[in-house]
Amino acid sequence: WVCSVPTGYGGNYLSTFVRQGEKFLYTLTTPAVRGEKSRTLEPKTLEILVETDSMLTLAEIEADGTSVGIDMINKLTKQHIGDIVDFYSDISRSEGSCVRL
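Residues numbered from 1 in each chain as written. Predicted model: local features only at pLDDT ≥ 70, side-chain atom pairs only at ≥ 80, totals over all residues. Heavy atoms only, no water.

**Q** Teacher, can you tell me more about the packing of aromatic side chains here?
**A** Geometrically, a pair of aromatic rings is defined through the distance of the ring centres and the angle of the planes. Evaluated as defined, the whole model comprises 2 aromatic pairs. Ring geometry for Phe-17 and Tyr-26: centres 5.2 Å apart, planes at 35 degrees, overall tilted. Summarising the aromatic geometry, the rings of Phe-87 and Tyr-88 are spaced 5.1 Å apart at their centres and angled 85 degrees between planes, so their arrangement reads as edge-to-face. Each of the two residues, Phe-87 as well as Tyr-88, counts as exposed. (Phe/Tyr/Trp six-rings, centres within 6.5 Å; stacked < 30°, edge-to-face > 60°. Buried < 20%, exposed > 50% of the residue type's maximum accessible area, 1.4 Å probe, protein only.)

Right, dumping it as structure tokens:
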């Protein structure tokens, strides 16, 4: 899955989810805006919480328990929602659309 999330300042973040057996490899690519180059961040491994014919729910849980990231992809509508609950900061929810590769 490749999901696109618009930024507030032009461009889109690209989230790539690639199945690796019982997990997914997640890579984030940031857009090139305001003189900054596009960057692809180091991949992370996400756990599959739930997978049905219509939904895919993935999670990244920090080892120290201070942060939980959730990504949900509706396989039918191709919508993506991501959110992070972090004990030390406020990180907002993101919404976008996906294509299945």
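Resuming the write-up.
**Q** Before we go on, may I ask you to explain the layout of surface pockets in this structure?
**A** Where empty space is left can be seen by rolling a probe of water-molecule size over the atoms. The space that makes up the largest pocket amounts to roughly 570 Å³. Lining the largest pocket we find 24 residues, and of these Tyr-26, Leu-28, Asp-71, Ile-84 and Ser-94 sit closest to its centre. Breaking the lining of the largest pocket down by element, the ones donating at least two residues are strand S1 (2–6), strand S2 (12–20), strand S3 (23–30), strand S5 (44–51), strand S7 (67–74) and strand S8 (79–86). When residues in the lining of the largest pocket are grouped by element, the largest group, 5 residues, is from S7. Residues of the lining of the largest pocket, tallied by class, amount to 11 nonpolar, 7 polar and 6 charged. (1 Å grid on protein atoms, 1.4 Å probe; cavity = no way out; pocket = protein on both sides within 12 Å on 5 of 7 lines; lining within 4 Å. Points joined across faces, edges and corners; volume = space filled by probe spheres on them. Helix = DSSP H or I, 4+ residues; strand = E, 2+ residues; numbered from the N terminus. Nonpolar A, V, L, I, M, F, W, Y, C, P; charged D, E, K, R; others polar.)

**Q** Would you mind going over the side chain of Ser-15 with me for this structure?
**A** Relative to the helices and strands, Ser-15 is located in strand S2. In this structure, Ser-15 is in contact with Trp-1, Val-2, Cys-3, Tyr-26, Thr-27 and Leu-28, ignoring residues within four places of it in sequence. (Contact = heavy atoms within 4.5 Å.)

**Q** For this particular structure, what's the right way to read the state of the cysteines?
**A** Within this structure, the stated rule accounts for 1 disulfide. Here Cys-3 is linked by a disulfide to Cys-98, with a sulfur-sulfur distance of 2.1 Å. Measuring the twist about the S-S bond at about 95 degrees, one finds the Cys-3-Cys-98 disulfide to be right-handed. A residue pair is termed long-range when its members are at least 10 positions apart, and Cys-3 in strand S1 and Cys-98 in strand S9 (residues 94–99) qualify at 95 residues. As far as the burial class goes, Cys-3 and Cys-98 line up, both buried. (Disulfide = S-S within 2.5 Å.)

**Q** I'm lost on the pattern of salt bridges in this one. Help?
**A** Opposite charge on two side chains permits pairing when their charged atoms draw close. Scanning the model with the defined rule gives 4 salt bridges in all. The partner of Glu-47 in a salt bridge is Lys-23, with the nearest N and O atoms 2.8 Å apart. In this pair, Glu-47 sits in strand S5 while Lys-23 sits in strand S3, placing the two residues 24 residues apart along the sequence. Among the residues examined, Glu-47 registers a relative accessible area of 36% and is labelled partly exposed. The shortest N-O distance in the salt bridge between Glu-51 and Lys-75 comes to 2.9 Å. On the criterion of sequence distance, the pair formed by Glu-51 in strand S5 and Lys-75 in the loop between S7 and S8 is long-range, its members being 24 residues apart. Since its relative accessible area comes to 34%, Glu-51 is described here as partly exposed. Exposure remark for Lys-75: the relative accessible area of 13% places this residue in the buried category. Among the charged side chains, a network of salt bridges with common partners joins Arg-19, Glu-51 and Lys-75. (Salt bridge = Lys/Arg side-chain N within 4 Å of Asp/Glu carboxyl O.)

Treat this as a map of the structure, not an account of what it does.
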